[in-house]
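Remarks on the overall topology
What follows is each chain in one-letter form.
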Amino acid sequence: MKHGISALGLALPSRYLDVRDLATLRGVEPDKYTKGLGCHEIALCGPDEDAASLGAKAARRALERWGGDLGRIGLLAVGTETGADMSRPMSAFVADHLKLRGRMRSYEAKHACYGGTVALRQALEWRASGAHRGRAALVVATDVGLYAPADPGEATQGAGAVAFVLDDDALVASIDLESHAFASPAFDFWRPVGERFPRVEGPLSLDCYREAVEKTFGGWAGESSVQDALATLEAVAFHVPFPKMVKKAVLHLGATQGWDEGDTATFFETKVAPTMRWNRHMGNSYTAALWWSVACALVGRKPGDALGAFSYGSGFGSELSILRAGEAAAEALWQKDVEADLSARVRMDAAEYDAWRGSV
Ligand code: HMG
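Residues numbered from 1 in each chain as written. Predicted model: local features only at pLDDT ≥ 70, side-chain atom pairs only at ≥ 80, totals over all residues. Heavy atoms only, no water.

1. Considerations on the site of the ligand
Around the ligand sit 28 residues in total, of which Lys32, Glu81, Cys113, His239 and Lys248 are the nearest. Here lysine 32 contributes a side-chain N or O atom positioned 2.8 Å from an oxygen atom of the ligand. Backbone polar atom of cysteine 113 to an oxygen atom of the ligand: 3.1 Å apart, as the coordinates give it. Within the complex, 71% of the 1,100 Å² of free accessible area of the ligand lies under protein. A molecule is said to occupy a pocket when more than half its atoms come within 2 Å of that pocket's grid points, and by this definition the ligand occupies the second largest pocket. Secondary structure elements with two or more residues in the shell around the ligand: helix 2 (30-36), helix 6 (202-221), helix 8 (243-257) and strand 14 (306-313). Ranked by the residues each element gives to the shell around the ligand, the list is headed by helix 6, at 4 residues. Tallied by class, the residues present in the shell around the ligand amount to 13 nonpolar, 9 polar and 6 charged. (Near = heavy atom within 4 Å. Polar contact = N/O pair within 3.5 Å; in protein donor to acceptor, adjacent residues only side chain to side chain. Areas by Shrake-Rupley, 256 points an atom, 1.4 Å probe, with all protein chains shown as cover. 1 Å grid on protein atoms, 1.4 Å probe; cavity = no way out; pocket = protein on both sides within 12 Å on 5 of 7 lines; lining within 4 Å. Sits in = over half its atoms within 2 Å of the grid points. Helix = DSSP H or I, 4+ residues; strand = E, 2+ residues; numbered from the N terminus. Nonpolar A, V, L, I, M, F, W, Y, C, P; charged D, E, K, R; others polar.)

2. Quick notes on unusual backbone geometry
Along the chain, glycine 315 connects to phenylalanine 316 via a cis peptide bond; the corresponding omega equals -10 degrees. Here phenylalanine 316 is to be found in the loop between strand 14 and strand 15 (317-325). Phi at arginine 133 is positive, roughly 45 degrees, even though this residue is not glycine. Within the secondary structure layout, arginine 133 lies in the loop between helix 5 (115-129) and strand 7 (136-145). Overall, the relative accessible area of 74% leaves arginine 133 in the exposed class. Located in the positive-phi region is alanine 170, a residue other than glycine, with phi close to 45 degrees. Here alanine 170 lies in the loop between strand 8 (158-166) and strand 9 (173-175). (Buried < 20%, exposed > 50% of the residue type's maximum accessible area, 1.4 Å probe, protein only.)

3. Notes on empty space enclosed by the protein
Per the counting criterion, the structure on display carries 1 cavity of 30 Å³ or more. Each pocket or cavity is described by its volume, and for the largest cavity that value is around 50 Å³. If you go around the largest cavity, the residues you meet are Cys39, His40, Glu41, Ala155, Val240, Pro241, Phe242, Pro243, Asn279, Arg280, Gly283 and Asn284. In the lining of the largest cavity, the residues fall into 6 nonpolar, 4 polar and 2 charged. (Points joined across faces, edges and corners; volume = space filled by probe spheres on them.)

This is a description of form; function is not addressed.
In C-alpha cells:
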C-alpha cells in the first residue's frame, strides 16, 4: 500500500505588509529586502487570528476535501513553534476550534521549523506501522513568525498554516518511508521560555542551514553523486526562511559537490525557484513554510512525478523526504485556498503596521 497524503488544505491570515513599506519605516534601502533577501510580502494576523485558528482554517479545508467521518481521525499532530502554553498542546487548541474529540492521540511536535515535518513523518510511520487500525491522521503545521521590531529578521516575518489528512489513498502524494535526517545541536535561532521574540545568531544560522543541506543531500545520495540523485526529481522544495537563503544553500551544495556554475544555476532556476512562488506572499511561516513550497511544487504534476522536500529547523535538525505526486495533484484544489486568501486579505501600510507592533 502507498502511504501519504490524501487531502491538503492551506491557510493565510487576513492581513499583509509589503516589505518595501517596512523598509521605508525602518530607513532601509528596499532593495536590501527585495533583492538581498528575496522577500516581498509578510503575512500578518488580524485581531481574531493566531496560530491555532490558522491551523484550524487549514484543517477544515483539508477535512472537507477528504470528506471522511471525523470519528475516523485517530491521530491529531500539530507542528508549531508558536507555543500557546508550556503544557497544553497546540493540538488541543486546534481541536477546540474544530470541535474534534474522541478516541484519538493528540499532541504537539516542536523542533523550530522542523516541527511540522516531525509531525507529518510520525503520522506517516503510525499509518505504516498498522497501529492506526483503519483510522486516518490529521496533521497540521502552523506558525506566526514575528521578530522584535527593527530586528534584522523583521523583513523575513510571516504566518501561515498547512494541514494534511493521511488515509488509505495517498491521492495528493505518496511519501517514501525511507528518509534522510541530520542533526547537530546549535544555538542559531532560539526563544527562551517566557520571551516573546526569538534570539538569532544570523551568520551562524546561515552556516547551519548550509551544513544541513550539504550533509542531508550527501547522506541521501550515498554512493551515487548528489547531481545524479537530483536528476531523478522533478522539483526540490526547501524550508524557506527567506528565498535568498535557499539560493545560498543551493550554491553551497553545487560548490561542495564541484558542479559547473551553469549547472547549479539551471538546477536552481528550473527545479527550486518555482516552488517558492507562494512563499513570497507569506514570508517565513516556520513549520508551514516548507510544506507550502511542496504544495506549490505539486500543482499540475503527473502521477508518480518525484519531488524532494528538505526540512530545516534551528537547533538544528534537518530531513529530506521524497514524495511522489498522486492523482489529485493535476487539479490541485488547494490552489483555491491560496487564491481565496490572497484576494481577501487587507494590506497594512507602514503607519498601521508600526501602531500594531506597539500592541504585539
Ligand atoms: P542582515 O545581517 O541585516 O542583512 O540580516 P545583510 O547585511 O547580511 O544583508 C542581506 C543581504 O542583502 C546581503 O546579501 C547584502 O549584500 C544584501 P548577501 O551578501 O547575503 O548575498 N544587501 C543589498 N542588496 C541589494 N541592495 C541593497 C542591499 N543592502 C544589502 N541596497 C539576516 C540578514 C539573515 C541575518 C536576518 O534577516 C535574520 O536574522 N534573519 C533571521 C534568521 C534566518 O532566517 N536565518 C536563516 C537560516 S535559519 C532557519 O532557516 C531557521 C528559521 O526559519 C527558524 C526556525 O527554524 O524556526 C529562521
